[in-house]
Amino acid sequence: MADTPGDDRTLSGDATPLPDPHHVDVADAEAQFNELQRVLSIRSQQAGSDSTDRPSTEPDLEAGEKRQEAGFDLRAYLTSSNDANERAGLAHKHVGVTWEDLQVDVVGGFGHKLYVNTFGQDVMGFWLAPFRMLYSAVQVAVPALRPNPPLTTILHPSSGLLKPGQMCLVLGCPGSGCTTFLKAIANERKEYARVLGDVRYAGIDAHEMRKYYKGEVVYNGEDDVHIATLTVGQTLNFALSLKTPGPKGRLPGMSRKDFNKTVRDTLLRMLNISHTANTYVGDEFVRGVSGGERKRVSIAETMATRAHVLCFDNSTRGLDASTALDFVKSLRVMTDILGQTTFATLYQAGEGIYELFDKVLVLDKGRTVYFGPPSEARAYFERLGYKSLPRQSTADYLTGCTDPNERQFAPGRSEADVPSTPEQLEEAFLESRFAAEMRDDLAKYKQRMEVDKTDQEEFRKAVWAEKKRGVSKKSPYTLGFTGQVRALVIRQFQMRLQDRFQLITSFSLFTILALVIGAAYYNLQLTSQGAFTRGSVIFAGLLTSALDTFGEMPVQMLGRPILKKQTNYALYRPAAVAIANTLSDIPFSAVRIFIFDIIVYFMSHLSRSAGGFFTYHLFIYLAFLTMQGFFRTFGLMCSNFDFAFRLAVFFIPNMVLYAGYMIPVFQMKRWLFWIYYINPVAYAWVGSMENEFMRISFTCDGSSIVPRNPPGVDKYPEGLGPNQVCTLFGSVPGQDIVSGRNYVNIGYGLNVSDLWRRNFLVLLGFFLLFQITQVLLIEYFPRYDSESSVTIYAAADSDTTKRNARLQERKAARQPKSSKEAESEKLEEEQGTTTKFHGKPFTWEKVNYYVPVPGGTRRLLHDVYGYVKPGTMTALMGASGAGKTTCLDVLAQRKNIGVVSGTLLLDGKPLQLDFARKTAYAEQMDVHEGSATVREAMRFSAYLRQAPEISKEEKDQYVEDMIEVLELQDLADALVFSLGVEARKRLTIGVELASRPSLLFLDEPTSGLDGQSAWNLVRFLRKLADNGQAILCTIHQPSSLLIQTFDKLLLLERGGETVYFGDIGPDCYILRNYFARHGANCPPNVNPAEFMLDAIGAGLSPRIGDRDWAEHWLESPEYQGVLAEIERIKMSTSSDDEGESKKLTMYATPFWTQLRCVVVRNNLKLWRSPDYVFSRLFVHAFISLFVSLSFLQLGHSVRDLQYRVFGIFWATILPAIVMSQLEPMWILSRLVFIREASSRVYSPYVFAIGQLIGEIPYSLLCAIVYWVLMVYPMGFGDGSAGVAGTFFQLLVIIFVELFGVSLGQFIGAISPSMQVAPLFNPFIILVLGTFCGVTIPYPTLPSYWRWLYQLSPYTRLMSAIVSTELHGLTITCHPDEFIIFNPPSGQTCNQWAQEFVDGFGGYIANPNDTSACQYCQYSVGDQFFLPLNIRYDNRWRDAWILFAFTVFNFIVTIIASRFLRYAKR
């Protein structure tokens, strides 16, 4: 990779001279563009013969030259330059933007705070909901009662103009309204309460632009939102496939494929990410491209939309200075030649970047304080009375003038005579000549737009020409609906195929489930025993496949950010996604369900005919697709997963209970039977049942004959005699063959002639209905995750109230002081805390790092040497992808894959057990416990990472000092998840500093911060270093002022090669002299940090010199000096050994302290997560209540006896509920733990125990609610155990709840991701439920499965509760439950059947009659459960065995937490 810039030189002749970055000249820009065009043209041509999906091979230079002769015109393809447009007759798109009195308001008054909702508030809100709904209805009827929510203006009336071909830089401190301004200009207004004013695009108003041309105005957000499992090339191919112009919008003879490939390759090369084309984009959880490269993918995707009004929100975040400058230069050139209109907010914009813009807009608290030429902005603020700071970049200077903490007034000036409040600055600007010129330009431009409609007409014509044939002129989309669906289907295919792990796991799991069901019901015979179990296997197969689609709900919600971004880009209609999801899933799900059905159908010996199987498969698969649509509908309809979960649970129990299997339709309660008729599962089950039973007949034998011989008796005929009857539904007296048609007709009320005319058609209707609901919901009622920057606070207690007041007092006291006074005061305040740092020297020698790659290993670092001394700051710099973060990870001992070689010494000694906790590492990804406040997060770190001998009061005060230093006073009680990017970054550093480390590593600490915040942060780090802290940090885009704050620099180039390590010097003179010595002279007005990256070829510019800079370094005296200094450090530290015999510990605090802190944090998290906890409580209450309503006040009949067992069996669903909610929570908590564990904050055992303890109170509450709503409505406790028995049942329900928690945590602990964990649930729940003795009674269970019966915790659950409930319960048959038979002539019923009754139990209601004997199967509940291997005397044993399963899960969870982290880095 290091040689890539050199290729540019070879191909384009001499190296392109560096332009003067302080002058913006269109002609010069075009010249640069021509040169760039030549280089990129050749590159594109070389790659032209390669498949887009293969990594490119060595370029064919000859072929490249030949293609160059054919004239690949970059303007014609990418910029549609004027010459090419005229030749091809293509219209141009020049869109000037005007805004007049643009004002944006949001809900919430001044000082209004939103507080986090808690579990207690949610419970209260649930009970008050009916009254609130009633009041809302009254408000609708009486408008006077409607509240007017207070509004706050976050962007005050602003006016301006940006013409085609111009670029505007928007500057301001965080919270000044930069993002709001960009979104308002980009027509993204939905998240704001009100947007006032007039915004026009080439004279077209905002409403028309949004409706017909929304894809021409796009906003590129600060956060990178991508599909992690797509490659960079696929991501761009997708965007281009939906934005390729039609034949009228392309040059003649140019195919869509050629156009897409050319533009894609050009974008990749322009942004210097060609090497990532076949790499996953990745995210926090999926390994992919680097953060800087991912940002460039976002930029490329935005450019691929070919929009002409572009709004970039901090799009250089994460890019090094050289790459950022290259990006803005490319933007400048494209804007000039294409005539685009570009707005951008950039943090830490260097002088070279700043001067590429035509206009600069400075905002302060939403007010415009300057809008005009960039070249005059500095002078304007100096004239107002602000101190001139020539060494500070202009962008940082302008931003600093709006920051009360950092601005400085000119000598002799003060706040009294300088406009310093936002209002005063706005007023001063409105009275300036710049405002007058802007108003004059705006009026003239608007007048010209009204008179001369050329631009507008050309724009409309160009947009229409780009549309594919058949697309309506009024449509904002380039491609028609079918084309959109096709592109989305291809994308979904790629996603699924590339997510191999989930693909293999889901297929394997479904196959295993099928084998379990097939084996459980193996080879069912056509006898009476195979009748009921045939219904069971059909029901089990149907539910397994249908309810597997439950996982579609979270998938729909996780895809919302992508959907929002891409529909705002007008890539496709939202409805296309719904249809594409269904179509792309069919090939995968069809194969999976087909395999599943084959195994279940033929293993269980269902009717073996082609017609029977394919009809069965059709019904099962149609049910699968229907339920998939059902759950996707909920996923689209609901605002969050927990609400969707509650709503789904409202339906799932009813779908299972009212499918016609557990309760035949004619026995359903009259007020609930209608559920059966609106239940798609019922139609699928009925259709499958009718399909099976219409083809078979049964032989009546065994336990279905009454009376029959008990053991040791041979009184009755072995077959079906004249005085015996068959108890199977549909049997005919005197016949031992029972027709399947009659069986389902009499037993379930089913008519086989309804198979196609009713069941199939209704099921098909449900499938189509849910497809339509998806389309309507996603198209007309989209729910996007709100990305509003509303900060959520936790209610303050007395202690935090006092501390907040003290922080605000100190903040107010600092305000009026001059900068010098304030700085010296801050330094004095910090002396008490920072002087305790005892930094130690850290050295590394000959560090190499190899990672495994397919086919071998790859070296990422090569012979890196260096050191960090106490009291110094060392910067680690390099191009994006040079290995900066990798090097930092290796030095901080954070790598757990690959091979590290070399010598790392702390204080001259090898790294020891306590290295990780004595050092701090502020990572680039800000991973924190989202429900904690800023203060709580920092205290947690201080309590567990500082020495235990330091008092709690001292730790608390230290945290307050850190909050003040990091300027987080106003956010001390804000919840972490609601913080903005900049505040989260400060918190990350604060959490690490709270540990008082002796060595501090920071990865991109200034990434995402504006220039002023970055300067504050680095200045703060400087103070820490001056007080004994040793600091090593990677840094992007440092300004010339920022880079001088560091003492030393370690500079890497691609391949992990060292380019320089040594002092920087005042004004970077040491660094500049080193580069000048090797032919790279830094001009006096260029930022040295940017220059040196350009010099080594880090950006698009070719490197300076004909030798690799790594070779220069190895031959330099500075390199020898580094080696000598490392030896001196080692010698001085080895002789300084104090012979400490202090015991080394991995953690700073003892086990019980860790556990206390972790449990307190977990309890707070759950209390502040009402969606999670209350959803769980709601689901328990609802399932218990609804099942109880179906089995309300059960009597003592045989049917009621079975219903009692069914009612109890529903308790087996509790673990499934708990697991599905708990697993994602566990895995998210583990992500936080992984970050904290790398710093040895607390042990994995503490993490696992703390997670369980936090769940216990809510588990007890859920168990009690479930028990109350189960026991009393159903009328439990009528047996011998009485009321005491019901309390024993409560104990068992609690054990089941805890079992569910421990099992969910166990699965979470062994699962690598949230997507994988739910795949285990169906298998576990199915196995445990199938083999517990209910669906397959113990006597009929094959002997080879009985070990699973003993192993299933549900066996113990059912045994304990059923035996307690039924023991001693007197059974009295209803008249329709008696089995009627006639005794032989001359015998009474008692004489004929007494031996049978004695052997099998039950009773004869008319013992002395001589005909129509009425036999009741049971006389007491014990007769039901004793044949099922259940004993009342074993109930306590069973309960404690169930508890033992919980303990086992818990122990395994702890072990898994220790050894399975799934955190490769």
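Everything discussed here concerns the structure shown above.
Residues numbered from 1 in each chain as written. Predicted model: local features only at pLDDT ≥ 70, side-chain atom pairs only at ≥ 80, totals over all residues. Heavy atoms only, no water.

**A closer look at helix H50 (residues 1317-1330)**
Given 3.6 residues to a turn, an α-helix orients residues that are three or four positions apart in the same direction. Rules: In this description a helix means any DSSP run of H or I spanning at least four residues, a strand means any run of E spanning at least two, and both kinds are numbered starting from the N terminus. An expected span of 1.5 Å times one less than the residue number is assigned to each helix. The cut-offs for exposure are 20% and 50% of the maximum accessible area for each residue type, with area from a 1.4 Å probe on protein chains only; residues under the lower value are buried, those over the upper are exposed, and the others partly exposed.
Between its first and last C-alpha, H50 extends 21 Å over 14 residues, near the 20 Å set by a 1.5 Å rise per residue. Burial in H50 covers these residues: Ala1317, Leu1319, Asn1321, Ile1324, Leu1326, Val1327, Leu1328, Gly1329 and Thr1330.

**Regarding the state of the cysteines**
Filter applied, for reference: Two cysteine sulfur atoms form a disulfide, by the criterion used here, when they sit within 2.5 Å.
Taken as a whole and assessed by the stated rule, the structure comprises three disulfides. Across a sulfur-sulfur distance of 1.9 Å, cysteine 1373 and cysteine 1416 are joined as a disulfide pair. Taking the sign of the torsion about the S-S bond as the criterion, the disulfide between cysteine 1373 and cysteine 1416, at about 80°, is right-handed. With cysteine 1373 in the loop between helix H52 (1353-1366) and strand S27 (1379-1381) and cysteine 1416 in strand S29 (residues 1413-1416), this residue pair connects regions lying 43 residues apart in the sequence. The partner cysteine of cysteine 1389 in its disulfide is cysteine 1413, sulfur to sulfur 2.0 Å.

**Thoughts on the pairing of strand S1 (residues 97-107)**
Quick note on the threshold: Two strands are said to pair when DSSP picks up at least two bridges between them.
Where S1 lies against strand S5 (residues 194-201), seven bridges are found, and the strand directions are antiparallel. Along S5, the bridge assignment pairs glutamine 103 with leucine 196. Sheet analysis places S1 next to strand S3 (residues 151-162), joined by eight bridges and oriented antiparallel. Bridge pairing links valine 107 to leucine 151 in S3.

**Some details on unusual backbone geometry**
In this structure, proline 707 follows valine 706 across a cis peptide bond, with omega equal to -15°. For cysteine 1068, which is not glycine, the phi dihedral falls at a positive 55°. Within the element layout of this structure, cysteine 1068 appears in the loop between strand S26 (1057-1063) and helix H40 (1069-1077). Under the relative-accessibility criterion, cysteine 1068 is labelled buried at 0%. Even without glycine at this site, alanine 1412 takes up a positive phi of about 50°. Along the chain, the position of alanine 1412 falls in the loop between strand S28 (1403-1404) and S29.

**So, a positive patch on the surface**
For clarity, the cut-off: The patches reported here contain residues having more than 30% relative accessible area and no salt bridge. Joining distances are 9 Å for like charges and 5 Å for nonpolar side chains (Val, Leu, Ile, Met, Phe, Trp, Tyr). Computed with a 1.4 Å probe, the accessible areas rest on the Shrake-Rupley method; for each residue, only the protein chains presented here act as cover. A carboxyl oxygen of Asp or Glu within 4 Å of a side-chain nitrogen of Lys or Arg is what we treat as a salt bridge. The convention is simple: Lys and Arg are positive, Asp and Glu are negative, and His and the chain ends are not counted. A charge is said to be at NZ when it belongs to Lys, at CZ for Arg, at CG for Asp and at CD for Glu.
A cluster of basic residues, Lys248, Lys468, Arg469, Lys473 and Arg486, forms a positive patch on the protein surface. Topologically, lysine 248 is positioned in the loop between helix H9 (232-243) and helix H10 (256-270). Exposure remark for lysine 248: the relative accessible area of 53% places this residue in the exposed category.

**Comments concerning the nonpolar core**
A general tendency of soluble globular proteins is for nonpolar side chains to be buried together. Worth spelling out the cut-off: Residues belong to one nonpolar core when they are buried, are Ala, Val, Leu, Ile, Met, Phe, Trp, Tyr or Cys, and are joined through side-chain atoms within 4.5 Å. We call two residues contacting when some pair of their heavy atoms lies within 4.5 Å.
Within the largest apolar cluster, 192 residues are counted, with the highest numbers of intra-cluster contacts made by Trp685, Phe1191, Tyr1242 and Val1292. It is helix H49 (residues 1282-1310) that provides the largest number of residues to this core, a total of 14 residues. Leaving out residues up to four positions away in the same chain, phenylalanine 1191 has contacts with Leu657, Ile663, Tyr1203, Phe1206, Gly1207 and Met1274. Counting 113 residues, the second largest nonpolar core, distinct from the first, contains Ala307, Val360, Tyr380 and Ala578.

**Quick notes on the sheet that holds S28**
Across a sheet, strands are paired by hydrogen bonds formed along the backbone, either parallel or antiparallel in direction. Within the open sheet, the three strands sit side by side as S27-S29-S28. Their pairing is antiparallel. A strand with exactly one partner marks an edge of an open sheet, and here the two such strands are S27 and S28. Inspection of the sheet shows S28 paired to S29 by two bridges, in the antiparallel sense. Across the sheet, isoleucine 1404 pairs through a bridge with tyrosine 1415, a residue of S29.

Geometry only, nothing functional implied.
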